[in-house]
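# Reading the structure
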Amino acid sequence: MLQVKNVQKAFGENLVLRGVDIEVKKGDIVVILGPSGSGKTTLLRCLNFLERADGGSMDFDEIHTELKGASKAVVSKVRKKTAFVFQNYNLFQNKTALQNVMEGLTVARKTPKEEALARAKAALDKVGLSERYDYYPSQLSGGQQQRVGIARAIAVNPDVLLFDEPTSALDPELIGEVLAVMKKLAKEGATMIVVTHEMTFAQEVASKVIFMDGGVVVEQGSAEQIFTKPKEERTIQFLRRVLRDYDYII
């Protein structure tokens, strides 16, 4: 469904991605783990052309393109097949929850207003915000704002949902409500690529876990393999630091 090869990206002299390959099949829940600065978010943004990679190729269903030289038409096609959930919500403060969700339909995808309204309401209902259509972001908790962000993403019926640390800006008590929505989407068969530090989510939901460090994929495999039988010493070190009860001994 989606395959990228040899993705490279530098910011000045800082080489952030050093030739990353990933493959995503329909229905996969791919979770990308790694320390800060490992290139996780940059990779995710390159997949959606929010950042322009310096090298690498993409095959996405019928689309084949070099990432650096992709035309505006190709970028548009890729963006119509994906939806991005940002860690800081990225909502319009002067628009209600319903208007925020409708925006991506009516403006970016030219969906007729009546259809956009119905789809936006259905998306907000799915994330548990049927009572909050007319609330502005300032009237919503962080968890509710992030659920609006997820509703905005699923309303466009993307082939792949991209989540960039969707709980990192939330108070601990609000994280659960966002993860619950994501688990529901996973059970319904959504294809997702998730950059996160939520280890329990990765263990419970991921069909594939990718561990990155230093701009490369250090190791990848099933959640069971990565969390119980990691092969690389760097993966073991990372898990020991982030999981207090992690007692894997090489």
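Coordinates for the structure precede this section.
Here goes a summary of the coordinates provided. (Residues numbered from 1 in each chain as written. Predicted model: local features only at pLDDT ≥ 70, side-chain atom pairs only at ≥ 80, totals over all residues. Heavy atoms only, no water.)

### Quick word on the packing of helix H3 (residues 97–108) against helix H4 (residues 113–126)
- The interhelical angle for the contact between H3 and H4, taken along N-to-C directions, is 125°, at an axis separation of 9 Å. By the angle between their axes, H3 is oblique relative to H4. In the crossing of H3 with H4, the sense of the turn from one axis to the other is right-handed. Taking contact as the criterion, the partners of Ala97, Leu98, Val101, Met102, Leu105 and Thr106 in H3 are, on H4, Lys113, Ala116, Leu117, Arg119, Ala120, Lys121, Ala123 and Leu124.
- Of the residues belonging to the contact of H3 with H4, the class tally is ten nonpolar, one polar and three charged. (Axes fitted to C-alpha atoms, helices over the stretch in contact; angles between N-to-C directions. Helix = DSSP H or I, 4+ residues; strand = E, 2+ residues; numbered from the N terminus. Parallel < 35°, antiparallel > 145°, perpendicular 65-115°, else oblique. Left-handed = near helix turned anticlockwise from the far one by under 90°. Contact = heavy atoms within 4.5 Å. Nonpolar A, V, L, I, M, F, W, Y, C, P; charged D, E, K, R; others polar.)

### Quick look at the packing of aromatic side chains
- Under the defined criterion, the tally for this structure stands at two aromatic pairs.
- On the numbers, 4.7 Å between centres and 40° between planes, the contact of Phe84 with Phe86 is tilted.
- With a centroid separation of 4.9 Å and 35° between ring planes, the pair formed by Phe211 and Phe238 is classed as tilted. With Phe211 in strand S9 (residues 208–213) and Phe238 in helix H9 (residues 233–242), this pair connects stretches of sequence that are 27 residues apart. (Phe/Tyr/Trp six-rings, centres within 6.5 Å; stacked < 30°, edge-to-face > 60°.)

### Concerning the side chain of Thr65
- With respect to the helices, strands and loops of the structure, Thr65 is situated in strand S5 (residues 63–66).
- On the basis of relative accessibility, which here comes to 7%, the residue Thr65 falls in the buried class.
- For Thr65, the residues in contact, after removing those within four places along its chain, are Phe49, Ser57, Met58, Ala70 and Val74. (Buried < 20%, exposed > 50% of the residue type's maximum accessible area, 1.4 Å probe, protein only.)

### Details of the nonpolar core
- Ile150 and Met192 are the most contacted members of the largest nonpolar core, which totals 54 residues.
- Looking at which element gives the most residues to this core, the answer is helix H6 (residues 172–187), with eight residues. (Core = buried A, V, L, I, M, F, W, Y, C linked by side-chain atoms within 4.5 Å.)

### Some details on the pairing of strand S4 (residues 55–60)
- Of all six residues that make up S4, five are buried, and the element is covered over most of its length.
- Bridge count between strand S1 (residues 2–11) and S4: five bridges; the pairing is antiparallel. Residue pairing across strands places Gln8 opposite Gly55, the latter belonging to S4.
- Across four bridges, S4 lies against S5 in antiparallel orientation. Among the inter-strand pairings, Phe60 is bridged to a residue of S5, identified as Ile63. (Pairing = 2+ DSSP bridges.)

### Details of the environment of Gln87
- Tracing the backbone through its elements, the reader meets Gln87 in the loop between strand S6 (82–85) and H3.
- Sequence-distant contacts of Gln87, that is, excluding residues within four places in its chain, are made with Gln146, Asp164, Glu165, Ser168 and Ala169.
- Side chain to side chain, Gln87 and Ser168 meet in a polar contact 3.0 Å long. (Polar contact = N/O pair within 3.5 Å; in protein donor to acceptor, adjacent residues only side chain to side chain.)

### Considering the sheet that holds S1
- Strand order in the open sheet formed by four strands is S2-S1-S4-S5, and the pairing between neighbours is antiparallel. This sheet does not close on itself; its edge strands, each paired only once, are strand S2 (14–24) and S5. Taken pair by pair, the neighbouring strands of this sheet meet at an average axis angle of 15°, ignoring direction.
- Where S1 and S2 come together, eight bridges link them in antiparallel fashion. Each bridged residue has a counterpart across the sheet, and for Gln8 the counterpart in S2 is Arg18.
- Packed on one face of the sheet, helix H1 (residues 40–47) meets S1, S2 and S4 and runs near 60° to S2.
- Its contacts with the sheet put helix H2 (residues 72–80) on S4 and S5, and the angle it makes with S5 is roughly 125°.

### Considerations on the packing of helix H5 (residues 142–154) against H6
- Orientation of H5 relative to H6, taken along the N-to-C sense of each, is 20°, at an axis distance of 8 Å. Considering their axes alone, H5 and H6 lie roughly parallel with respect to each other. When you trace H5 past H6, the crossing you get is right-handed. When H5 is examined against H6, the residues Gly142, Gly143, Gln144, Gln146, Arg147, Ile150 and Ile154 are found in contact with a partner set consisting of Leu174, Glu177, Val178, Val181, Met182 and Leu185.
- For the contact of H5 with H6, the residue count by class is seven nonpolar, four polar and two charged.

In short, shape yes, function no, at least from these values alone.
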